[in-house]
Amino acid sequence: MIEFAVFFFFAAVAVIFALVVVLHRNPVVGALSLVASFFALAVMYVLLDAPFLAALQVIVYAGAIMVLFLFVIMLLNLQYQREEPTRPIQQFLGYFGSAAFGVSLVYYISKYAVIASGPKTRFVTSAKTIGIRLFEAYILPFEMVSILLLAAIVGALVLTSKAAGKQVTE
Amino acid sequence: MIPTAWFLILSAMLFAIGVCGVLTRKNGITIFMSIELMVNAVNLTFLAYAREFHQLHGLIFVLFIMAIAAAEAAVGLAIFINLFHHRETIDVDEANLMHW
């Protein structure tokens, strides 16, 4: 029973902070709410018997990626910039369209109850089993991701270097 | 055990909120954060199905998605810094150099 209480509490936390991200005008508040939402999602991962990925969620997402976001927001002093509202028709279509999308998705998932009950037996995954699978069956994608990360580092350096800015302005 | 459908419903709600952010906001960083929210909703779906079918593939896919999200964040934020240096704003409507 305690499992269900934890699920509903952290599901509510995740959804409420996600709404704050979308609705709040100040991007610093948005970034911090997104961190809270990611923490709630890490709890969901623990409930799904994936403690290793929950740890990764906290370290990589809530730690590294969101610190990068906050760093850029504060570097550019964006919290003082007023954001102009979008056109009313765009506002209406955006809110209405996404609400219709979400409601229909939830309706069909609950109506046709993709999988109405949990699995009978537990499937706890440790870092060891994931690591063995990662370095045996998934070694090629793993190496490709490492090359992708290298390309991202080089791309970020080139984009933000002084020389790139000069080239564009000249 | 918590039914898998509940995780799917939570994931659908988070994804819809992310779609709403992308469609209604103009601040580039906020749009980017909404995209991260959608990526996380998909991760939750992957993990829910991985538990349901007792498969490791879903977990490893989530691992790769996290790595790609990190790369995406680095390059995307570099683009926004560049945009800010040229336009003094990160309003995505101002980035209209290629607009016809």
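As the structure is a computational prediction, the values presented were derived from the model and not from experiment. (Residues numbered from 1 in each chain as written. Chains lettered and ligands numbered in written order. Predicted model: local features only at pLDDT ≥ 70, side-chain atom pairs only at ≥ 80, totals over all residues.)

## Remarks on the overall build of chain B
- Along chain B, the regular secondary structure elements total three helices and zero strands.
- Listing the helices and strands of chain B from first to last along the sequence gives α-α-α.
- Relative to its length of 100 residues, chain B is extended, with a C-alpha radius of gyration of 17 Å against a globular reference of 13 Å.
- Projected onto its principal axes, the C-alpha positions of chain B cover 50 × 25 × 20 Å.
- Out of the 100 residues in chain B, the part that is buried amounts to 54%.
- Look at the contacts in chain B between residues 6 or more apart in sequence, and 45% of them connect residues 24 or more apart. (Helix = DSSP H or I, 4+ residues; strand = E, 2+ residues; numbered from the N terminus. Rg over C-alpha atoms; globule rule 2.2 N^0.38 Å. Buried ≥ 20, exposed ≤ 12 C-beta atoms within 10 Å, placed from the backbone. Contact = placed C-beta atoms within 7 Å.)

## Quick look at the interface of chain B and chain A
- Contact with chain B, which involves 60 residues of that partner, is made by 73 residues of chain A.
- Of all the elements in the fold, those that place two or more residues in the side of chain B that touches chain A are α1 (4–24), α2 (28–53) and α3 (57–87) of chain B.

## Concerning helix α1 (residues 2–23) of chain A
- An ideal rise of 1.5 Å per residue puts 32 Å on 22 residues; α1(A) measures up with 32 Å between its terminal C-alpha atoms.
- All buried positions along α1(A) are accounted for by A:Phe10, A:Ala11, A:Ala14, A:Phe17, A:Ala18, A:Val21 and A:Val22. Projected down its long axis, α1(A) shows its buried positions confined to an angular sector of 145°, all on one face. With respect to the buried face of α1(A), the exposed residues turned more than 90 degrees away are A:Ile2, A:Phe4, A:Ala5, A:Phe9 and A:Ala12.
- Each element contacted by the buried residues of α1(A) is listed here: α2 (27–47) of chain A together with α1 and α2 of chain B. (Expected span 1.5 Å × (residues − 1). Arc of directions from axis to C-beta.)

## Considerations on the environment of A:Ser110
- With respect to the secondary-structure elements, A:Ser110 resides in helix α4 (residues 88–112).
- Note on A:Ser110: 15 C-beta atoms within 10 Å, which makes it partly exposed.
- Not counting residues within four places of it along the chain, the set of residues in contact with A:Ser110 comprises B:Ala5 and B:Ile9.

## Description of unusual backbone geometry
Residue and element names in this part refer to chain B.
- We note that His54 has phi near 55°; this positive angle belongs to a residue other than glycine.
- Secondary-structure assignment places His54 in the loop between α2 and α3.
- One non-glycine residue with positive phi stands out, namely Glu88, at about 65°.
- Within the element layout of this structure, Glu88 appears in the segment after α3.
- Since 11 C-beta atoms lie within 10 Å of it, Glu88 is described here as exposed.

## Let's talk about the domain arrangement of chain A
- The domains assigned to chain A are domain 1 (1–82) and domain 2 (138–170).
- Between domain 1 of chain A and domain 2 of chain A, the C-alpha centre-to-centre distance is 26 Å. (Domains from an automatic or database assignment.)

## A closer look at α1(B)
- Under the 1.5 Å per step criterion, the end-to-end length of α1(B) is 31 Å for 21 residues, consistent within 8% with the ideal 30 Å.
- Across the 21 residues of α1(B), 19 count as buried, placing the element largely inside the fold.

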